[in-house]
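In case you want the letters, here they are:
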Amino acid sequence: MKKNMITGSKLWSIAMITSLLAACSSPATTSTTANAATSTTGTTKTVSVSEQTSVKYADLVSLDADDTNISWSEADSTAIKLNGTTATVTGSGAKAANGSVTITEAGTYVLSGELTDGQIVVNVADKGTVHLVLNGATIHDNDSAAIYIQKAGKAVITLEKGTKNTVSDGKTYVYADATTDEPDAAIFSKADLTFNGAGQLTVTGNYNEGITSKDDLKIISGNIRVKAADDGIKGKDMVAIQAGTITIEAEGDGIKSTNDTDTTKGFVAIAGGTFDIQSGNDGIQAETALVTDGGTYNIVTAGGSANAPAKVEEGPFGGGGGGWGGGTPPTDMGTPPDGEPPADMPEMPNNSGTNAGANTNGTTSSSANTTATANTDTNADADTATTATESTSAKALKAGTDLTVNGGTYTIDSMDDSLHSNNNVTVNDGTFNIESGDDGIHADQELTINGGTITIAKSYEGLEGAIITLNDGDVDVTASDDGVNAAGGETETAASTDRATTATDAATASNISVTETTGTTSTTDQASQGTATTQQGRGPGGMGAASSNNEFHINGGTLTVNAGGDGLDSNGSINMTGGTVIVNGPTDNGNGALDYDGTFEISGGYLVAAGSSGMAQGTSDASTQNTIVMTFPSTQKAGTLVHVQDSEGNNILTFAPAKDYQTVVVSSPDLAKDGSYVIYSGGTSTGKAVDGLYTDGTYSGGTQVVAFQSTSNVTWVNESGVTTANSGMGGPGGGRGQGGFGGGRNRTQSGTTSESTGTTDAAK
């Protein structure tokens, strides 16, 4: 998140420059690199299994014999031969009249031929199952649904193997009266509707939607292509897809469920299949839960991330108060006296010295809503109040309650969030290649990653949630603002309890099996962190406070971040017990590679974070694993190696940051509290770099910057040696608890990107 840091104070600037002016010393000796990024798991935090991780397709969807039945015979079925504007019926249970065919009895009906302007109507009073076999059928109705299931216990449409079938409607419907608005899709059903078979079906919804069921909609198999003026495939109570090849081009949502009155319904569950979705609004949207077990997905929403509106940071200051947490910048970086603003600092907006109504740093946008080029629904569901917020959403995967991904391959280019939940997101496995115009993965509440390979090549913020937990997996994030942002969420215990109770009731009612998995979600006691412990290293003054509701937990896996704003940002605390974390950026002094309001306690794993020095933070003094924070006398160019070795020449760090940097934070199980270390700049390594980090080979040719002996578990150093961390004023960042001059920060969207000049850093 951008914090426009004021740099106008001459005393502040001179103090910083003076503290950094010193020459680097002799060339380095050679050093063999070995296992620099070895992950060690600590045991100082209590973790519990996330109850969201076990939900799968089979927990939500049950199939009966009719759903999977694709067999038929001439002797046991009624043949319907379509011919222009007429049809011939051979057998019982159906009649042709006035260009349409009406089916009134349960049974199997085999359709072939072409109906140029007519309708297949199913109206079975006894609620039996009607089995329609499309055996090379083309059906078009100029002014209504081509296939209309008015009444039945269930309708099953089988796509006969080796056949091509087409269903379409006209652009204008004729209804009985002004109060009637159904049907409104080329294939429309008021009963449960299932598709199966190995044939092909092309559906064109020229009026509104392609395929709609007012009850359950299931796709067992088949090759289905849908083009729709609004939503492509819609089921009210559920959309369940077991397999198949599905291609959708929709002006509205690609696939959606709509029941918002029953928490056990309104979900989308996908076991597998191949999906190619281009939508004007959401790609796949569930009113309640969205679960994907597998499949291959190519999803583009609203033309892709290139169509996202520019994000503009309003200020002139970042939200909340500044302040460096535990392990604060050294005294010799300079601090205005008594934590007061420099004399030439501009006044706060409205000449106010308070921060009334200001957002904290990393304040989450619930992202329910980008308005740029997303299409607006013109045909609201008859039984669902469609809001403006829903109609302008352009997310790829979106859940109203919980989004669970158990596997699959996802290629996403979304104008809005790529993965989004109004509650929790859980990723257990899968391969993701994401380009997002907003957040890569966003959860209003908990975001838990238990596995998978996630590459977010483009985003505004990479990972965002009130509580973020990385248990395993490989995550690579590129973000124009924060790489990881733990912010937002419920602010009152009662509200959280109510939501949790509702979710539990829904899971029970829908027969969701909740079982333990190997993934863990930390549940630490934040009460103490919101009091005395959050003040560690904090300065006087301050507008805004740490949010004890926000947490970022790293228990395993790998996380690589390239951020334009903060690398790792938490409005509360960060806790790391294992895994490997690499942070590149930011380059401006209004953000930091690490930005937290409470504490950053590390007890295991490997951390390296390179970025600017103005808002730099290290880990907290309460950590059980040791950390070095090195500030160079000047900005180092991207790719310039930074090398840390102990007194015996053992490699601690050999790293080539991807962006310009001045401060490097490294924490490793190999660092000792009273160890002797040497830091070098430049040089080369014969090893192989992964995300800039060398874990083998020999380092040589660098210039020694400083040799020192660590004095605590968080040791701050510059070219002169060990420095002491002060507890002076906090920086002018967003929501950093104590200290600082941060003002309210609101993120808005427009068609242009504004940049500030003069004494503030450019807003990005």
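Residues numbered from 1 in each chain as written. Predicted model: local features only at pLDDT ≥ 70, side-chain atom pairs only at ≥ 80, totals over all residues. Heavy atoms only, no water.

Some details on the overall build of the protein
Our working rule: Note on conventions: DSSP H or I runs of at least 4 residues are helices, E runs of at least 2 residues are strands, and numbering of each starts at the N terminus. For the exposure calls, accessible area comes from a 1.4 Å probe over protein chains only, and a residue counts as buried if that area is under 20% of its type's maximum, exposed if over 50%, partly exposed in between. In this analysis, two residues are considered to be in contact whenever any of their non-hydrogen atoms come within 4.5 Å of each other. Note on areas: Shrake-Rupley with a 1.4 Å probe; residue coverage comes only from the protein chains shown.
Tallying secondary structure elements over the protein gives five helices and 63 strands in all. Split into buried and exposed, the 764 residues of the protein put 60% on the buried side. Considering only contacts in the protein between residues 6 or more positions apart, those separated by 24 or more positions represent 66%. Entry remark: accessible area of the protein is about 26500 Å², with carbon and sulfur atoms responsible for 48%.

As for the packing of aromatic side chains
For clarity, the threshold we go by: Working definition: a ring pair exists when centres of Phe, Tyr or Trp rings (six-membered ring for Trp) sit within 6.5 Å. Plane angles under 30 degrees give stacked, over 60 give edge-to-face, the rest tilted.
Within the structure shown, the criterion is met by ten aromatic pairs. Ring centres 4.7 Å apart and planes at 5 degrees place the aromatic pair Phe 275 and Tyr 297 in the stacked group. Of the two residues, Phe 275 sits in strand S24 (residues 274-279) while Tyr 297 sits in strand S27 (residues 296-301), which places them 22 residues apart along the sequence. Each of the two residues, Phe 275 as well as Tyr 297, counts as buried. With a centroid separation of 6.2 Å and 50 degrees between ring planes, the pair formed by Tyr 680 and Tyr 699 is classed as tilted. Of the two residues, Tyr 680 is situated in strand S55 (residues 676-681) and Tyr 699 in strand S59 (residues 698-700); the sequence distance between them amounts to 19 residues.

Concerning the pairing of strand S13 (residues 185-189)
For the record, the criterion: When DSSP locates at least two bridges between a pair of strands, those strands are taken to pair.
Of all five residues in S13, five are buried, a share of seventy percent or more. As defined by bridge partners, strand S10 (residues 147-151) adjoins S13 across three bridges and the pair is classed as parallel. The partner of Ile 147 across the bridge, within S13, is Ile 187. The sheet contact formed by S13 and strand S16 (residues 209-213) spans four bridges and is parallel.

Quick look at the confidence of the model for the protein
Our working definition: In predicted models, pLDDT denotes the confidence assigned by the predictor to each residue on a 0 to 100 scale.
On average, the protein scores 79 in pLDDT, and the residues at 70 or more come to 70%. Of the regions scoring below 50 in pLDDT, residues 726-764 engages in 201 contacts with residues more than four places distant in sequence or in other chains.

Some thoughts on the pattern of salt bridges
Side chains that differ in charge, positive against negative, can pair when their charged atoms come close. Quick note on the threshold: Salt bridges are defined as contacts in which a side-chain nitrogen from Lys or Arg sits within 4 Å of a carboxyl oxygen from Asp or Glu.
Under the criterion given, the structure shown has eleven salt bridges. When the shortest N-O distance is used, the salt bridge between Lys 154 and Asp 64 registers 2.7 Å. Here Lys 154, found in strand S11 (residues 154-159), pairs with Asp 64, found in the loop between helix H2 (57-60) and helix H3 (65-68); they are 90 residues apart in sequence, far enough to count as distant. Note on Lys 154: relative accessible area 8%, which makes it buried. By relative accessible area, Asp 64 is classed as partly exposed at 34%. Here Lys 265 makes a salt bridge to Asp 237, at a shortest N to O gap of 3.9 Å. Of the two residues, Lys 265 sits in the loop between strand S22 (255-257) and strand S23 (267-270) while Asp 237 sits in the loop between strand S19 (233-235) and strand S20 (238-241), which places them 28 residues apart along the sequence. Members of the salt-bridge network, linked through shared partners, are Asp 64, Asp 67, Lys 154 and Lys 218.

Comments concerning the side chain of Ser 418
Rule in force here: The term polar contact refers here to a pair of N or O atoms within 3.5 Å; inside protein, the definition further demands a hydrogen-donor-capable atom paired with an acceptor-capable atom, and it admits residues adjacent in sequence only when both atoms are side-chain atoms.
Along the polypeptide, Ser 418 turns up in the loop between strand S31 (409-414) and strand S32 (419-421). Only 2.8 Å separates the side chain of Ser 418 from the side chain of Ser 414, close enough to count as a polar contact. Not counting residues up to four positions away in its chain, the partners in contact with Ser 418 are Ala 396, Leu 397, Ile 412, Ile 434, Glu 435, Ser 436, Asp 439 and Gly 440.

Remarks on the pairing of strand S36 (residues 446-449)
In terms of strand pairing, strand S33 (residues 424-427) meets S36 through three bridges, oriented parallel. Opposite Val 425, over in S36, you have Leu 447 as the bridge partner. In this structure, S36 lies alongside strand S39 (residues 467-470), joined through four bridges in parallel fashion. Directly across from Ile 449, in S39, lies its bridge partner Leu 470.

Considering the side chain of Ser 685
Position of Ser 685 among the secondary structure elements: in strand S56 (residues 684-685). Within the local environment of Ser 685, its side chain forms a polar contact with the backbone nitrogen of Gly 687, the two atoms lying 3.1 Å apart.

Some words on the environment of Val 174
Assignment of secondary structure puts Val 174 in the loop between strand S12 (164-169) and S13. What makes Val 174 exposed here is its relative accessible area of 59%. As a C-alpha pair, Val 174 and Asp 143 span 31 residues in sequence and 5.5 Å in three-dimensional space.

Re the environment of Phe 632
In this structure, Phe 632 sits in strand S51 (residues 627-636). Taking the C-alpha atoms as reference points, Phe 632 and Thr 663, separated by 31 residues in sequence, lie 6.2 Å from one another.

Considering the environment of Ala 616
For Ala 616, the location among the structural elements is in the loop between strand S50 (606-611) and S51. Take Ala 616: its relative accessible area is 5%, and that puts it in the buried class. It is 10.0 Å that separates the C-alpha atoms of Ala 616 and Asp 566, two residues lying 50 residues apart in sequence.

Examining unusual backbone geometry
A cis geometry characterises the amide bond from Glu 182 onward to Pro 183, with omega recorded as 0 degrees. Here Pro 183 lies in the loop between S12 and S13. Look at the link from Gly 585 to Pro 586: it is a cis peptide, with omega at 10 degrees. Phi is positive for Lys 127, close to 60 degrees, though the residue is something other than glycine. Relative to the helices and strands, Lys 127 is located in the loop between strand S8 (120-123) and strand S9 (129-141). A residue is classified by how much of its surface remains accessible, and Lys 127, at 52% relative accessible area, is exposed. In this structure, Asp 691 is a non-glycine residue whose phi angle is positive, near 55 degrees. Here Asp 691 lies in the loop between strand S57 (689-690) and strand S58 (693-694).

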